[in-house]
Amino acid sequence: MSKNKVTREEALAFHLNPSPGKFEVTATVPMTTQRDLSLAYSPGVAVPCEEIARNPETAYDYTTKGNLVAVISNGTAVLGLGNLGALASKPVMEGKSVLFKRFADVNSIDLELDTEDPEAFINAVKLMGPTFGGINLEDIKAPECFIIEQRLKEEMDIPVFHDDQHGTAVICAAGLINALHISGKKIEDVKIVLNGAGAAGIACIELLKSMGARHENCIVCDTKGVIYQGRTEGMNQWKSAHAVKTDLRTLEEAMKGADVFLGVSVKGAVTPEMVAAMADDPVIFAMANPDPEITPEEAQAVRADAIVATGRSDYPNQVNNVLGFPYLFRGALDIHARAINDEMKIACAEALAELAREDVPDEVAMAYGRKLSFGRDYIIPTPFDPRLIYRIPPAVAKAGMDTGAARRPIVDMEAYELSLKSRMDPTASILRGIHARAKAAQARMIFAEGDDPRVLRAAVQYQRSGLGKALVVGRENDVKEKLEAAGMADAYRELEIVNAANTRYLDQYKDFLYQRLQRKGMDRHDIHRLAARDRHVFSALMLAHGHGDGLVTGATRKSAHVLELINHVFDANAEKGAAGVTALLRNGKIVLIADTLVHEWPETEDLANIAERAAGVARHMGLEPRVAFVSFSTFGYPRSERAEKMHLAPAVLEKRGVDFEFEGEMTVDVALNPKSAEAYPFSRLTGPANILVVPARHSASISVKLMQEMGGATVIGPILTGVDQSIQICSTNMTETDILNMAVLAACKVG
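In every chain, residue numbers begin from 1 and rise along the written sequence. For this predicted model, a pLDDT threshold of at least 70 governs which residues receive local features, and a threshold of 80 or more governs which side-chain atom pairs are given and counted, while totals over whole chains, interfaces and linings are taken from all residues. Excluding hydrogens and water, the side-chain values take into account all heavy atoms of the structure.

Caption draft 1: Representation of empty space enclosed by the protein in the model. In this analysis the probe radius is 1.4 Å and the grid spacing 1 Å, with only protein atoms considered; a cavity is a set of points the probe fits into but cannot get out of, a pocket is an open set with protein on both sides within 12 Å along at least five of seven lines, and lining residues have an atom within 4 Å of a point. Grid points are joined across faces, edges and corners, and a volume is the space filled by probe spheres set on the points. The final tally for this structure, using the stated rule, is one cavity of 30 Å³ or more. Here a strand is any run of E in DSSP of at least two residues, a helix any run of H or I of at least four, and the numbering for each starts at the N terminus. The set of elements that each furnish at least two residues to the lining of the largest cavity consists of helix H19 (426–441) and helix H31 (736–747). Put simply, Ala, Val, Leu, Ile, Met, Phe, Trp, Tyr, Cys and Pro go in the nonpolar bin, Asp, Glu, Lys and Arg in the charged bin, and everything else, Gly too, in the polar bin. Grouping the amino acids of the lining of the largest cavity by side-chain chemistry returns five nonpolar, two polar and no charged.

Caption draft 2: View of helix H30 (residues 697–709). To estimate the expected span of a helix, count its residues, drop one, and scale the result by 1.5 Å. Here H30 spans 18 Å end to end across 13 residues, near enough to the 18 Å set by a 1.5 Å rise per residue. Note on classification: 1.4 Å probe, protein chains only; a residue is buried when its accessible area is under 20% of the maximum for its type, exposed when over 50%, partly exposed between these limits. All buried positions along H30 are accounted for by Ser-699, Ala-700 and Val-704. The buried residues of H30 occupy an angular sector of 130° when projected down its axis, which confines them to one face. Of the exposed residues in H30, the ones pointing more than 90 degrees away from its buried face are Ile-702, Leu-706 and Glu-709. The directions from the helix axis to the C-beta atoms are what the arc is built from.

Caption draft 3: Layout of unusual backbone geometry. Note the cis peptide between Ala-142 and Pro-143, where omega equals 5°. Structurally, Pro-143 is set in the loop between strand S3 (134–137) and helix H7 (144–155). Following Tyr-637, the chain continues into Pro-638 via a peptide bond in cis, with omega recorded as -5°. Counting through the fold element by element, Pro-638 comes out in the loop between strand S17 (626–630) and helix H27 (641–656). For His-336, which is not glycine, the phi torsion reads 50° and is therefore positive.

Caption draft 4: The UniProt feature "binding site: a divalent metal cation" (unreviewed entry) in the protein chain, seen in detail. UniProt positions are given in the numbering used here, feature names are shortened, and annotations may be inferred rather than shown by experiment. Under the feature "binding site: a divalent metal cation" (unreviewed entry), the UniProt entry names Glu-138, Asp-139, Asp-164 and Asn-289. Here Asp-139 is to be found in the loop between S3 and H7. For Asp-139, a relative accessible area of 4% translates into the label buried. Whether two residues touch is decided by their heavy atoms; if any such pair falls within 4.5 Å, the residues are in contact. Once residues within four sequence positions are removed from consideration, Asp-139 is found in contact with Ser-73, Asn-74, Gly-75, Thr-76, Ala-77, Val-78, Leu-79, Val-92, Met-93, His-162 and Asp-164. Structurally, Asp-164 is set in helix H8 (residues 163–183). Every residue in contact with Asp-164, bar those within four places of it in the chain, is listed here: Glu-138, Asp-139, Ile-140 and Ala-200. Between N or O atoms, a polar contact is any pair within 3.5 Å; within protein, one atom must be a potential hydrogen donor and the other a potential acceptor, and residues adjacent in sequence are included only when both atoms are from side chains. A polar contact is formed between the side chain of Asp-164 and the backbone nitrogen of Asp-139, at a distance of 2.6 Å.

Caption draft 5: Just a nonpolar patch on the surface, in detail. Note on patches: the residues involved have over 30% relative accessible area and no salt bridge, like charges join within 9 Å, and the nonpolar side chains Val, Leu, Ile, Met, Phe, Trp and Tyr join within 5 Å. Here the accessible surface of atoms and residues is derived via Shrake-Rupley with a 1.4 Å probe, and residues count as covered only by protein chains that are part of the display. For this document, the term salt bridge refers to a Lys or Arg side-chain nitrogen within 4 Å of an Asp or Glu carboxyl oxygen. A surface patch of nonpolar side chains, amounting to about 260 Å² of accessible area, comprises Val-29, Met-31 and Leu-37. Overall, the relative accessible area of 39% leaves Leu-37 in the partly exposed class.

Caption draft 6: Structural view of the packing of H8 against helix H9 (residues 199–210). Orientation is described by lines fitted to C-alpha atoms, with helices fitted over the stretch in contact, and by angles between N-to-C directions that extend from 0 to 180 degrees. Contact pair H8 / H9: the axes reach a minimum separation of 8 Å and the direction vectors enclose 45°. The orientation of H8 with respect to H9, classified from their angle, is oblique. Regarding H8 and H9, the two cross each other, and that crossing is right-handed. The residues of H9 that touch H8, namely those facing Asp-164, Gln-165, His-166, Thr-168, Ala-169, Val-170, Cys-172, Ala-173 and Leu-176, are Ala-199, Ala-200, Ala-203, Cys-204, Leu-207 and Leu-208. Under this scheme an angle from 65 to 115 degrees is roughly perpendicular, one under 35 degrees roughly parallel, and one over 145 degrees roughly antiparallel; angles in between are oblique. Two helices that cross are described as forming a left-handed crossing if the nearer one is turned anticlockwise from the farther one by less than a right angle, and a right-handed crossing if clockwise.

Caption draft 7: Spotlight on the UniProt feature "binding site: NADP(+)" (unreviewed entry) in the protein chain. In the numbering used here, UniProt assigns the feature "binding site: NADP(+)" (unreviewed entry) to Val-78, Leu-79, Gly-80, Leu-81, Gly-82, Asn-83, Leu-84 and Gly-85. With residues near it in sequence (within four places) discarded, Gly-82 still touches Gly-75, Thr-76 and Ala-77. Along the polypeptide, Leu-84 turns up in the loop between strand S1 (68–73) and helix H5 (90–104). Residues in contact with Leu-84, not counting those within four places in the same chain, are Gly-75 and Val-78.

Caption draft 8: Spatial organisation of the domain arrangement of the protein chain. Where a domain begins and ends is set by an automatic assignment or by a domain database. Each assigned domain of the protein chain is listed here: domain 1 (15–158), domain 2 (184–316), domain 3 (323–423), domain 4 (438–568) and domain 5 (579–717). The distance between the C-alpha centroids of domain 2 and domain 3 comes to 27 Å. Across the contact, ten residues belong to domain 2 and seven residues belong to domain 3. The quantity reported as buried area is the accessible area (1.4 Å probe) lost by two parts once they are put together, taken as the sum for both. Across the domain 2/domain 3 interface, buried area totals approximately 800 Å², and carbon plus sulfur atoms make up 68% of it. In terms of surface lost to domain 3, no three residues of domain 2 exceed Leu-207, Ile-307 and Pro-316, which account for 49% of the buried area on that side. Where domain 2 packs against domain 3, one counts one salt bridge. Of the charged contacts, one joins Asp-281 and Arg-376 as a salt bridge, the two residues approaching to 2.9 Å between their closest N and O atoms. On inspection of domain 2 and its partner domain 3, the count reaches two residue pairs in polar contact (both at pLDDT 80 or more).

Listed below in structure tokens is the structure:
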């Protein structure tokens, strides 16, 4: 798998734009009228206050407590960067909050406590207990993290979970279950060596012991060697609990005959010689970040039978905490748990292990660019497996109920699983699937406007994200200056810069263009000016001759003008069946609107063509098309000459025998709102429409802009479809991320 390069400038820009930080807080209730205010605040708010005072459990019913987790740190152990302090830890804690929401729909607030005093930290968290349904501790150095977590677990009645410890332990346990399954060994029989006796290491070995590993078979090492009974140097009570009676003193000695190595230490701690000395089918979890104790290549060079996992995404078997903590908390919150106990953690590990042994959905394999199936290179599920949300929380919830940790047990587990499936935003998987297909395609993408900094940044991101090769049309000196001004001078050597002056194909391009335009009033001088001086035409000629696989243009000129220029090279017009489709993403829903680019005033046959083009785009995006021809009237009322074509268009599709659902004409609410649609039981649509075909381009533009500005929808497009080659035309107001999205669409030929 490719190693994506992230520069300092890109990371800072990501956290700065479109607004500082990574999330915002939004209201879930209307706050528009005086009555709304009266219900949300005084006097209406007094009623739930009184209810909660009478019965504290109802706080889970009337407030956000039941789906709210605090991510809390003092910044004393930030990533691998050390003690950066509370304020500098905030980007990490915000990121953790975003992961909670993205993967398990858990609301989360980050809190950075400016103290290194464990007692002050403990008191602060305890006092905030009524606010939250759970506490996720993060990036707190050892041994204080042990003290803080233990005290808070004893003194609070909600789950307290230090993810650096237990998150790593759970995923490690899941991987080990499957590694031992493959090697035919039992956990109670294997010799386990742990290197790194900090928070994560201690948690790993404790969880494995609770799963059946024998104390005497577990050798723990730190920077001073083996932790043995009688050792005094560098010891504390947490290390002492894992001291064994042994003559072994070094990691090298401990590794002889070991079945399992767990590393949460430093790069290079394990040598090939140590691996060679291990037992048959050795299991090596080298989890140091960013560089493992030994790389999979180094380990497997001396032991082809080794099963290796790391903490990195560019190797198989990634031990990634995001597989654990969102789903542990989801299950715990849904039973109003008092704690996350060992049984719940083990249930999470076992459910993850079981999932990895099942067939992997195609969309997951596509996202990783390879076929995934249970075996030595796939013992842990991938973070983007859509089944995680409805497989892991139920297992955690059941274990919590079985062990008495639940305040409110789940009665109907099947209904619970269905509710989990519906919680997640389907648009995220759609966009991820498009990116995955683009990465698999490895398209050579032509970026026509190399004089625009947004386009250059998008081109750099396209290439550095491993999506393919970026071909930038522009003058070398101009591109170099603009990259330097954008803080990306090093990218100049990575990009391929193309222009009429440095290509050997210009005469070939001009001959091709002359053949197309000689009977349209163009002479050789006109052709030269177009081919050699207009970047849009030059880029289109590159694409037409196979010197690129896709084209992105239009960020600096009006789309109508760019489309006119593209038509010199391709038949991207209404007569030839081209159309523009714009995707709107909002609140977990995706709706396509057409035509937003090509047809000014489509007639009945054109509308049917547009519907077919839009249905093709929908299927490329993983949607089953449901087309609605929308107007201000519904099924003939009120009658209007302007609505007549929308009324007749479905009959054209019916005659063609298309293989997707369609209906019309209808108003937008009937198309999208199931309750409004109930008044028309004869409708052929089995659910809300996901494609709206509108009467004219002006109404399409108004609809899209209104949703973008007033509704806050994310807009992708317009997507040009119905052209022989993959071309996407941007809007002049697009950001670099928007331009990159258009390149991704072009790469996987969504049009």
